[in-house]
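# Per-entry structural report
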Amino acid sequence: MNQIKGAQSISFEVSPYIMSSGSVVGSKESEGPLGKLFDVSNQDDLFGAKTWEEAESNMQKEACVLALGKAHVKPESVRFLFGGDLLRQGIATSMGVESLQIPLFGLYGACSTSGEALALSAMSVAAGYGDCMLAVTSSHFGSAEKEFRFPLGYANQRPLSAHWTVTGSGAFLVGTEKSHVRISGVTVGKIVDYGLKDSQNMGACMAPAAMDTIVQNLQDFGRTVEDYDRIVTGDLGYVGQDILFDLVQEKGYDIRVKHMDCGMEIFDQKTQDTHAGGSGCGCAAVTLASYILPKIRKGEWKRVLFVPTGALLSTVSFNEGASVPGIAHGIVLEHVN
């Protein structure tokens, strides 16, 4: 059977399963609406480390250990690990998972990395390259601010369009062992650039890519919006959601009733002062692990389109006046009895 769907998608003949997941978050996330759902939270955002970067690595390792432990899988039984973060050269991942000694593919898709990792894990399992893959990603408010904006000690003011980078890590075991959640297909995103240059307005920069992937998924699979219980974006926030609705409407679709954004769910906008909402590689990952997957496992949601979104800027590019292109990958998650 041909597994190629349309222009950018794959429908798996034998679907890989999400065997388990692990979520680790910091103090602000634990105080938000989803706070009680995460596996581990720490009031010390340094997680016992001396630097923000080391703290992020500690989160990644803990998330991986949690996912492995829940499935009673040893690291040596995992064929490949697909992981990434927001830091230069992916150091949070390489230093975080080093002790596990799992063959590693280091990824960078900005805040879309959880989708990229899940897609590659599912494709590898479906192709027969291994019975078990590990997908992991993370972000940390302290390390991201230090790298992309200003160190926290600078105490700079943030515009209302700015996002709050989630301190968190999510890990997922994807394999052949049956569970109540399967990855039935993926839509690989394209780089979409509308010429926006405001690095403090990630929602606007990423919304066009989210629209492109959502519309392409519907076309490739021959589905309507009603075929999904939820269409979930990763990091658009309040500004990006409005833009997404307008862009999708222009393509002839209305997703307002079905849409959910992880960046809007993870924090309380009124009480936590996170401006436009949450973002970062960890935002979509921990929301998927702690909130979305349980609903699919229980059958409350039968089919979900999970679309984490990323802004592909660097510390150099936007300072030199370059635009901020976006990318989004679509993962089709379905309930299995």
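This text gives an overview of the structure that appears in the document. (Residues numbered from 1 in each chain as written. Predicted model: local features only at pLDDT ≥ 70, side-chain atom pairs only at ≥ 80, totals over all residues. Heavy atoms only, no water.)

## Things to note about the overall build of the protein
We apply this condition: Only runs of H or I of at least four residues qualify as helices and only runs of E of at least two qualify as strands under DSSP, and these elements are numbered from the N terminus. Working definition: with a 1.4 Å probe on protein chains only, accessible area under 20% of the residue-type maximum means buried, over 50% means exposed, and in between means partly exposed. We call two residues in contact whenever any of their non-hydrogen atoms come within 4.5 Å of each other. Using the Shrake-Rupley algorithm and a 1.4 Å probe, accessible areas are obtained, with residue cover drawn only from the displayed protein chains. The charged-residue count follows a simple rule in which Lys and Arg add positive charge and Asp and Glu add negative charge, with His and chain termini not counted at all. For the purpose of locating charges, the reference atoms are NZ of Lys, CZ of Arg, CG of Asp and CD of Glu.
On a plain count of helices and strands, the protein comes out with 10 helices and 17 strands. By residue count, 62% of the 337 residues in the protein fall in the buried class. Across the protein, every contact between residues at least 6 apart in sequence was considered, and the portion connecting residues at least 24 apart equals 78%. Carbon and sulfur atoms make up 50% of the accessible area of the protein, which amounts to about 13500 Å² in all. Taking the 27 positively charged and 37 negatively charged side chains of the protein as two groups, their mean positions are separated by 5 Å.

## Points about the pattern of salt bridges
Here is the rule: The term salt bridge refers to a side-chain nitrogen of Lys or Arg lying within 4 Å of a carboxyl oxygen of Asp or Glu.
Applying the stated criterion across every chain, the model contains 9 salt bridges. Its salt-bridge partner being E334, residue R223 comes within 3.9 Å of it at the nearest N-O pair. Of this pair, R223 sits in the loop between α6 (202-221) and β11 (230-233) while E334 sits in strand β17 (residues 330-335), and the two are 111 residues apart along the sequence. Across this residue pair, the class does not change: R223 and E334 are buried. Linking E226 and K258 is a salt bridge whose minimum nitrogen-to-oxygen distance equals 3.8 Å. With a gap of 32 residues between them, E226 in the loop between α6 and β11 and K258 in the loop between α7 (237-250) and β12 (259-261) connect regions that are remote in the sequence.

## As for the side chain of Q241
With respect to the helices and strands, Q241 occurs in helix α7. You can call Q241 buried: its relative accessible area is 14%. With sequence-adjacent residues up to four places away left out, Q241 is seen in contact with L236, H259 and M264.

## Quick word on the environment of D193
How we decide: Polar contact is the term for a pair of N or O atoms within 3.5 Å; when the atoms are in protein, one must be able to donate a hydrogen and the other to accept it, and sequence-neighboring residues count only if both atoms are side-chain atoms.
Along the chain, D193 turns up in the loop between β10 (181-187) and α6. Accessibility expressed as a relative area gives 39% for D193, which makes it partly exposed. In the structure, D193 is positioned 119 residues away from L312 in sequence and 9.7 Å away in space, judged by C-alpha atoms. Those residues in contact with D193 that lie beyond four places of it in its chain are S323, V324 and P325. A polar atom in the side chain of D193 sits 2.8 Å from the backbone nitrogen of G195. Of note is the side chain of D193, whose polar atom sits 2.6 Å from the side chain of S323.

## Focus on helix α4 (residues 113-126)
Operational definition: Any helix carries an expected span of 1.5 Å times its number of residues minus one.
Along its 14 residues, α4 runs 20 Å from first to last C-alpha, staying within 8% of the 20 Å computed at 1.5 Å per residue. Of all 14 residues in α4, 11 are buried, a share of seventy percent or more. By the burial criterion, the buried members of α4 are T113, S114, G115, E116, A117, L118, A119, S121, A122, S124 and V125. Count one or two residues on from α4 and you reach G128, which has phi positive near 85 degrees.

## Considerations on the packing of aromatic side chains
Basically, it comes down to this: Classification of ring pairs rests on two measures: the distance between centres of Phe, Tyr or Trp rings, Trp counted by its six-membered ring, which must be within 6.5 Å, and the angle between planes, read as stacked under 30 degrees, edge-to-face over 60 and tilted in between.
Within this structure, the stated rule accounts for 4 aromatic pairs. Considering the side-chain rings of F80 and F105, the 5.6 Å spacing of their centres and the 75 degrees angle between planes classify their relative orientation as edge-to-face. A residue pair is termed long-range when its members are at least 10 positions apart, and F80 in strand β5 (residues 80-84) and F105 in strand β6 (residues 104-107) qualify at 25 residues. Measuring from ring centre to ring centre gives 5.1 Å for F82 and F105, while their planes differ by 10 degrees; the resulting arrangement is stacked. Linking F82 in strand β5 with F105 in strand β6, this pair joins segments that are 23 residues apart in sequence. When its relative accessible area of 4% is taken as the criterion, F82 is described as buried. Here the aromatic cluster, defined as three or more aromatic residues joined through ring pairs, consists of F80, F82 and F105.

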